[in-house]
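Structural overview for review
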Amino acid sequence: MRTIKQVNEEIKEIENRLNTEELKKAVSTKLRKRILLLRQCAMYIETNPSPQYMKDEIKKIETKISLRLENFTLEGVEAMPKSLANKLRREFEKEYDIPKLRQQVKTIRYILSE
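Here's what I pulled together on the structure shown here. None of the values given here were measured: they were computed from a predicted structure.

1. Here we look at the overall build of the chain
Within the chain one finds five helices and zero strands. Over its C-alpha atoms the chain spans a radius of gyration of 18 Å, topping by over 25% the 13 Å that the globule rule assigns to 114 residues. By its C-alpha atoms, the chain is 50 × 40 × 20 Å across when sized along the principal axes. Taken over 114 residues, the chain has a buried fraction of 28%. Counting contacts in the chain only where the partners sit at least 6 residues apart, residues at least 24 apart contribute 70% of the total.

2. A look at the environment of E46
Residue placement: E46 occurs in helix α2 (residues 25-46). A residue is classified by how much of its surface remains accessible, and E46, at 56% relative accessible area, is exposed. When the C-alpha atoms of E46 and T3 are compared, they prove to be 9.1 Å apart, with 43 residues separating the residues in sequence.

3. As for helix α1 (residues 4-20)
Compared with an ideal rise of 1.5 Å per residue, which puts 17 residues at 24 Å, α1 spans 24 Å between its outermost C-alpha atoms and is within 8% of the ideal. If you follow the buried residues of α1, they end up packed against α2 and α5 (98-112).

4. Let's talk about the pattern of salt bridges
On inspection of all chains with the given rule, the structure shows seven salt bridges. A salt bridge links E10 to R34, with the shortest nitrogen-to-oxygen separation between them at 2.9 Å. Taken together, the positions of E10 in helix α1 and R34 in helix α2 put the pair 24 residues apart, joining distant regions of the chain. Assessed through its relative accessible area of 27%, R34 is described here as partly exposed. When the shortest N-O distance is used, the salt bridge between E57 and K60 registers 3.3 Å. Of this pair, E57 and K60 are both found in helix α3 (residues 51-70), three residues apart, which corresponds to roughly one turn of the helix. Several salt bridges share partner residues, and in doing so they unite R89, E93 and R102 into one network.

5. What about the nonpolar core?
V7, I14, L38, I61 and I65 are the most contacted members of the largest nonpolar core, which has 24 residues in total. Every element with two or more residues in this core is listed here: α1, α2, α3 and α5. Of all the elements, α2 adds the most residues to this core, at seven residues.

6. Some details on α3
Its 20 residues place the ends of α3 29 Å apart at the C-alpha level, agreeing with the 28 Å of an ideal helix rising 1.5 Å per residue. Of all the residues in α3, the buried ones are M54, E57, I58, I61, I65 and L69. The buried residues of α3 all sit within an arc of 105° when viewed along its axis, so they share a single face. Exposed positions of α3 whose direction lies more than 90 degrees from the buried face are K59 and E70. Of the surrounding secondary structure, the elements contacted by the buried residues of α3 are α2, α4 (82-95) and α5.

7. Some thoughts on the packing of α4 against α5
With their axes 5 Å apart at the nearest point, α4 and α5 run at an angle of 70° to one another. Between α4 and α5, the angle falls in the class roughly perpendicular. Within the contact between the two elements, α4 uses F92, E93 and K94 and α5 uses I98, P99 and R102. Its residues placed into classes, the contact of α4 with α5 shows three nonpolar, no polar and three charged.

Scoring rules and cut-offs
Residues numbered from 1 in each chain as written. Predicted model: local features only at pLDDT ≥ 70, side-chain atom pairs only at ≥ 80, totals over all residues. Heavy atoms only, no water. Helix = DSSP H or I, 4+ residues; strand = E, 2+ residues; numbered from the N terminus. Rg over C-alpha atoms; globule rule 2.2 N^0.38 Å. Buried < 20%, exposed > 50% of the residue type's maximum accessible area, 1.4 Å probe, protein only. Contact = heavy atoms within 4.5 Å. Expected span 1.5 Å × (residues − 1). Salt bridge = Lys/Arg side-chain N within 4 Å of Asp/Glu carboxyl O. Core = buried A, V, L, I, M, F, W, Y, C linked by side-chain atoms within 4.5 Å. Arc of directions from axis to C-beta. Axes fitted to C-alpha atoms, helices over the stretch in contact; angles between N-to-C directions. Parallel < 35°, antiparallel > 145°, perpendicular 65-115°, else oblique. Nonpolar A, V, L, I, M, F, W, Y, C, P; charged D, E, K, R; others polar.

What follows is the structure, encoded as structure tokens:
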């Protein structure tokens with residue numbers, strides 16, 4: 001399990017890289033998003049969750065995601081262009097906060113990794 005010290009060190013490394021190197025816009029955007037993820041992780045670690053609790057949370061969130069996705073059906077999907085079907089699926093996911101749930105799982109998995 002990661003410690004808050006490890007997370008803060010990684011944040012400092014990324015901030016130093018952003019400040020010292022000349023990076024493409026896409027790379028700097030990706031690094032800024034990584035910093036946001038790491039800050040979320042740091043806040044979560046400060047609450048001192050147990051590893052078992054975090055594993056249970058992952059299972060619970062993944063169950064929520066799968067149950068919500070089971071509710072998504074498209075009538076006549078064969079007749080629709082693929083881009084329209086994908087757009088409708090993204091809207092459905094956004095409406096049911098599935099991207100936020102996936103982000104939570106990603107954050108918890110990062111904390112549990114060594």
